[in-house]
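Topology and contacts: notes
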Amino acid sequence: MRRRGADFRRPVRRRVQDVAWWTLCSVVALLFIYILVTTTKGSNTTSTTSMPPFSLRNFRNERIMESLNITEEMLSPDSVARQLNDQISLAKAFVVIAKESNNLQLALSLTSQIQNLQILLSNAATRRAPLTIMESEKAIHDMASLLYQAQQLHYDSAGMIMRQKAKIESLEEQMNYVNEKSSKYGQVAAEEVPKSLYCLGVKLTSKWLNNFDLQNKLMDKLQSDMKLRDNNLYHFCVFSDNILATSVAINSTAQNSKNPDRIVFHIVTDEISYAVMKAWFALNDFRGVTVEVQKYEDFDWLNASYAPVLKQLQDSEIQSYYFRGSKDDGSTPIKFRNPKYLSMLNHLRFYIPEVFPDLKRVVFLDDDVVVQKDLSKLFSIDLNENVNGAVETCMETFHRYHKYLNYSHPLIRAHFDPDACGWAFGMNVFDLVQWRKMNVTGIYHYWQEKNVDRTLWKLGTLPPGLLTFYGLTEPLDPSWHVLGFGYTSVDPVLIEKGAVLHFNGNSKPWLKIGMEKYKPLWEKYMDYSHPLLQQCNFH
């Protein structure tokens, strides 16, 4: 046979080299697998030793369980303790409903069974071992029977909700009734004259009528006293028939004044209290303060043809409304029918320029105030051509105009911003020159005539004041006039900074219903050692 050429011959097989190559690859592969397995085991061991899997979650769960007083046994799907607690919660709700339904027997049975279950839970907690089904099976069965019985009596969730809703409505009605009664009794108590104050009035009247020397002395002094018309002095006015309150207002002003001899107080009262006021201020001295006493019955210009409010106050229908609430369906709160609003003394604040024709600026004070700072700076405050300087009270929504006035009336709606800021009577600076120039009293008369039927406002003198001085009021720093001492709690910081503290509200400091924590602020200016006060048992 002829042999092939060299180029076409089959290569010789290298069996030994191939075997060696494959053996080497296998060894490398096995070595890689070995290293991988070893590393994995080492890391698992390390992680297991250093930080167990899910340890953070377990830690958090333990904290939650501890805060909720939950045990591992209660988290078990077969927990007996959890089943008992669920039954107790449901049974307590059914006890309430059963009592309301007058089913006292069922309520007693449920209460007794609740106690049995609570004893079982208490015993298990004491011995630190979970409850078993065997020891609690009878109790669970008995409670389940009672709960089923309650459900058959329609003590279900829907019924429970309806009953609770009815109960809440009933309690609300009772609360409204009690609040209304409380308001009425509080109003009655506030309107009563304490016996001691009545006694003081009688004694002072007797002293004034029987002591002609005292009358002549006071009359001569006032007739020759040019201070009453001197506009370089500090003029204050108070319209009141309460001798005690007026005396404290004047005494506190005098005690805290740097120049009490420059202060003039103009008091206007009524015929009944006139002699009382004259006698008291003639007998007592207030650090040199000049005190003038007048009665509004002596003002010839104050008549029904000039002052519409006087005509309204004399109207029998108005008097019936305030005193008896007739022609009223009972929807008007009692505070809107306070007879004090029938007193002309309450409306004289709108006639100050007529009462004091020679004065240019006065500070008006209510009689239920205490002054604890010097007020002389009020007479140099720039009112920016406004008439009334007052502290605004609109820090809360309640003191906006829409809370005082009837904005369903077209006249109110057309002329006044409902969100305008309210302010307070009680301490006001009045520029009487601007008052006369702008005929502010005429504005007051206009709105009084429009409100004959009480459709614009109902309550007192503040609403007509808001209308009269609308756009004519200069806001003062709140520290000049702090309110609320007769009905609410006041921030101690405001009390410390306040110049005039106002006991507005029914809880006046001279009454038994006064707020005890604020009475000392007022009583510090009362001289209880005065012979007349001791005779009338003031203490």
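Residues numbered from 1 in each chain as written. Predicted model: local features only at pLDDT ≥ 70, side-chain atom pairs only at ≥ 80, totals over all residues. Heavy atoms only, no water.

Where an unreviewed UniProt entry is consulted, the protein chain appears under the name Hexosyltransferase, with the organism given as Arachis hypogaea. Heading Subcellular location (unreviewed entry) of the UniProt record for the protein chain holds this comment: "Golgi apparatus membrane". (UniProt positions renumbered as here; feature names shortened; annotations may be inferred.)

**Considerations on the state of the cysteines**
Inspection of every chain in the model, using the stated rule, returns 2 disulfides. Shown here is the disulfide that connects Cys199 with Cys536, its sulfur atoms set 2.1 Å apart. When the S-S torsion is -70 degrees, as for the bridge of Cys199 with Cys536, the disulfide is left-handed. One end of the pair, Cys199, is in helix H8 (residues 195-210); the other, Cys536, is in the segment after helix H21 (531-535), and 337 residues separate them in sequence. Disulfide partner of Cys394: Cys421, at an S-S distance of 1.8 Å. (Disulfide = S-S within 2.5 Å. Helix = DSSP H or I, 4+ residues; strand = E, 2+ residues; numbered from the N terminus.)

**Describing helix H10 (residues 243-255)**
With 13 residues, H10 extends 18 Å from end C-alpha to end C-alpha; this agrees with the ideal 18 Å at 1.5 Å per step. Burial of H10 is extensive: 12 of the 13 residues sit out of reach of the surface. Residues Ile243, Leu244, Ala245, Thr246, Ser247, Val248, Ala249, Ile250, Asn251, Ser252, Thr253 and Ala254 constitute the buried set of H10. Between the side-chain oxygen of the N-cap and the backbone nitrogen of Leu244 there are 3.1 Å, and the N-cap of H10 in question is Asn242. (Expected span 1.5 Å × (residues − 1). Buried < 20%, exposed > 50% of the residue type's maximum accessible area, 1.4 Å probe, protein only. Polar contact = N/O pair within 3.5 Å; in protein donor to acceptor, adjacent residues only side chain to side chain.)

**Re the pattern of salt bridges**
In this structure the tally under the stated criterion is 6 salt bridges. With a shortest N-O distance of 2.5 Å, Asp368 and Lys508 are connected by a salt bridge. In this pair, Asp368 is assigned in the loop between strand S4 (361-365) and strand S5 (369-371) and Lys508 in the loop between strand S10 (500-502) and helix H20 (519-523), connecting sequence segments 140 residues apart. Note that Lys519 is salt-bridged to Glu516, the shortest N-O span being 3.3 Å. (Salt bridge = Lys/Arg side-chain N within 4 Å of Asp/Glu carboxyl O.)

**Here we look at the packing of helix H5 (residues 104-127) against helix H6 (residues 133-152)**
Between H5 and H6, the shortest axis-to-axis distance is 10 Å and the interhelical angle comes to 150 degrees. Taken as axis vectors, H5 and H6 run roughly antiparallel relative to one another. For the pair H5 and H6, the crossing hand works out as left-handed. Taking contact as the criterion, the partners of Leu106, Ser109, Leu110, Gln113, Ile114, Leu117, Leu120 and Arg127 in H5 are, on H6, Glu135, Ser136, Ala139, Asp142, Met143, Leu146, Leu147, Gln149 and Ala150. In the contact of H5 with H6, the residues fall into 10 nonpolar, 4 polar and 3 charged. (Axes fitted to C-alpha atoms, helices over the stretch in contact; angles between N-to-C directions. Parallel < 35°, antiparallel > 145°, perpendicular 65-115°, else oblique. Left-handed = near helix turned anticlockwise from the far one by under 90°. Contact = heavy atoms within 4.5 Å. Nonpolar A, V, L, I, M, F, W, Y, C, P; charged D, E, K, R; others polar.)

**Looking at the pairing of S4**
Within S4, 5 of the 5 residues are buried, leaving the element largely enclosed by the surrounding structure. Side chains Arg361, Val363 and Leu365 project from S4 onto one buried face, and the interleaved Val362 and Phe364 project onto a second face that is buried too. Sheet topology places strand S1 (residues 234-239) next to S4; 2 bridges connect them, and they run parallel. Counted as the bridge partner of Phe236 is Val363 from S4. (Pairing = 2+ DSSP bridges.)

**Notes on the packing of aromatic side chains**
Per the stated rule, a full pass over the model turns up 28 aromatic pairs. Their ring planes at 40 degrees and their centres at 5.9 Å tell us that Trp301 and Tyr351 sit as a pair that is tilted. Of this pair, Trp301 sits in the loop between strand S3 (290-295) and helix H12 (308-313) while Tyr351 sits in the loop between helix H13 (316-324) and helix H14 (352-355), and the two are 50 residues apart along the sequence. With relative accessibility at 23%, the residue Trp301 sits in the partly exposed group. Between Tyr351 and Tyr444, the ring centres sit 5.9 Å apart and the planes meet at 85 degrees, which makes this aromatic pair edge-to-face. (Phe/Tyr/Trp six-rings, centres within 6.5 Å; stacked < 30°, edge-to-face > 60°.)

**Things to note about the packing of helix H4 (residues 80-100) against H5**
When two helices pack together, you describe them by how their axes are tilted relative to each other and by the distance separating the axes. Across the interface, H4 lies against H5 with an axial gap of 9 Å and an inter-helix angle of 155 degrees. By the angle class used here, H4 and H5 are roughly antiparallel. Between H4 and H5 the crossing geometry is left-handed. Side by side, H4 and H5 meet where Ala81, Leu84, Asn85, Gln87, Ile88, Ala91, Lys92, Phe94, Val95, Ala98 and Lys99 of the first sit next to Leu106, Ala107, Leu110, Thr111, Ile114, Leu117, Gln118, Leu120 and Leu121 of the second. Here the residues of the contact of H4 with H5 sort into 14 nonpolar, 4 polar and 2 charged.

**As for the sheet that holds S5**
Taken in spatial order, the 3 strands line up as S5-S10-S9 in an open sheet, and their pairing is mixed. Of all strands in the sheet, those with a lone pairing partner are S5 and strand S9 (481-482), marking the two edges. Here S9 runs beside S10; their pairing, made up of 2 bridges, is parallel. In the strand pairing of S10, His481 is matched with Val500.

**Comments concerning the sheet that holds strand S7 (residues 427-431)**
Across the sheet, which stays open at both edges, the 7 strands sit in the order S3-S2-S1-S4-S7-S6-S8 with mixed pairing between neighbours. Only two strands of the sheet have a single neighbouring strand rather than two, namely S3 and strand S8 (473-475). Adjacent strand axes in the sheet meet at a mean angle of 25 degrees, parallel and antiparallel pairs treated alike. Across 2 bridges, the pairing between strand S6 (residues 388-390) and S7 is antiparallel. Directly across from Gly389, in S7, lies its bridge partner Val429. Most of the contacts of H10 go to strand S2 (residues 263-269), to which it runs at about 170 degrees, and overall it touches S1, S2, S3 and S4. Where helix H11 (residues 271-283) meets the sheet, it contacts S2 and S3, and its direction lies at approximately 165 degrees from that of S3.

**Structural notes on unusual backbone geometry**
Despite not being glycine, Asn384 has its phi angle at roughly 55 degrees, a positive value. One can find Asn384 in the loop between S5 and S6. Positive phi outside glycine occurs at Asn439, with the angle close to 50 degrees. Here Asn439 lies in the loop between helix H16 (432-438) and helix H17 (440-450). Among the residues examined, Asn439 registers a relative accessible area of 49% and is labelled partly exposed.

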